[in-house]
Amino acid sequence: MIWVYAISSLGHNYIYVGMTADIDKRLHRHNNGRERSTKFYAPFELIYSERCKDRLEARNREKYWKSGVGKEKLRKLRNTT
């Protein structure tokens, strides 16, 4: 089972979308600066997650959330919570 997730930086206007098998461990790595792509934007909060049955489905969902339409939905979600 693979998770697709979106995290939002608490100090910057930055949303990161990714996929992982262990969402708790991955969020911990993001918040501790152990991921190069998000290191300078920490700390983060989880704003969205969904479970997918396999990597193919997860990759398709990740592509959607990284698209313009998906990112706009994530911004709205972040701004309402």
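Each value, and the rule that gives it
- Residues numbered from 1 in each chain as written.
- Predicted model: local features only at pLDDT ≥ 70, side-chain atom pairs only at ≥ 80, totals over all residues.
- Heavy atoms only, no water.
- Helix = DSSP H or I, 4+ residues; strand = E, 2+ residues; numbered from the N terminus.
- Polar contact = N/O pair within 3.5 Å; in protein donor to acceptor, adjacent residues only side chain to side chain.
- Contact = heavy atoms within 4.5 Å.
- Buried < 20%, exposed > 50% of the residue type's maximum accessible area, 1.4 Å probe, protein only.
- Pairing = 2+ DSSP bridges.
- Core = buried A, V, L, I, M, F, W, Y, C linked by side-chain atoms within 4.5 Å.
- Axes fitted to C-alpha atoms, helices over the stretch in contact; angles between N-to-C directions.
- Parallel < 35°, antiparallel > 145°, perpendicular 65-115°, else oblique.
- Nonpolar A, V, L, I, M, F, W, Y, C, P; charged D, E, K, R; others polar.

Draft legend 1. Looking closely at the side chain of Glu 50. Tracing the sequence through the fold places Glu 50 in strand β3 (residues 44–52). Looking at Glu 50, its side chain comes within polar contact range of the side chain of Tyr 48, at 2.8 Å. Setting aside residues no more than four positions away along its own chain, Glu 50 makes contact with Ile 2, Trp 3, Val 4, Arg 61 and Trp 65.

Draft legend 2. Fine view of the pairing of strand β1 (residues 2–9). Here β1 lies mainly inside the structure; seven of its eight residues are buried. When β1 meets β3, the two strands line up antiparallel, connected through eight bridges. Within β3, the residue paired with Ile 2 across the bridge is Cys 52. Bridge analysis of β1 against strand β2 (residues 15–20) gives six bridges, and the strand direction is antiparallel. Residue Trp 3 lies in a different strand from β2, and its bridge partner there is Thr 20. Hairpin connection of β1 to β2: five residues between the antiparallel strands.

Draft legend 3. Expanded view of the nonpolar core. Membership of the largest hydrophobic core is limited to 11 residues, which are Ile 2, Val 4, Ala 6, Ile 15, Val 17, Met 19, Ile 47, Cys 52, Ala 58, Trp 65 and Leu 74. Residues Tyr 5, Ile 7, Tyr 16 and Phe 44 belong to the second largest nonpolar core, which totals five residues.

Draft legend 4. Examining the packing of helix α2 (residues 55–66) against helix α3 (residues 68–80) more closely. Running from N to C, α2 and α3 cross one another at 75 degrees; their axes reach a closest spacing of 4 Å. In this view, α2 runs roughly perpendicular relative to α3, as classed from their interaxial angle. Every residue of α3 that contacts α2 at Tyr 64, Trp 65 and Lys 66 is listed here: Gly 68, Val 69, Gly 70, Lys 71, Lys 73 and Leu 74. Within the contact of α2 with α3, the residues separate by chemical class into four nonpolar, two polar and three charged.

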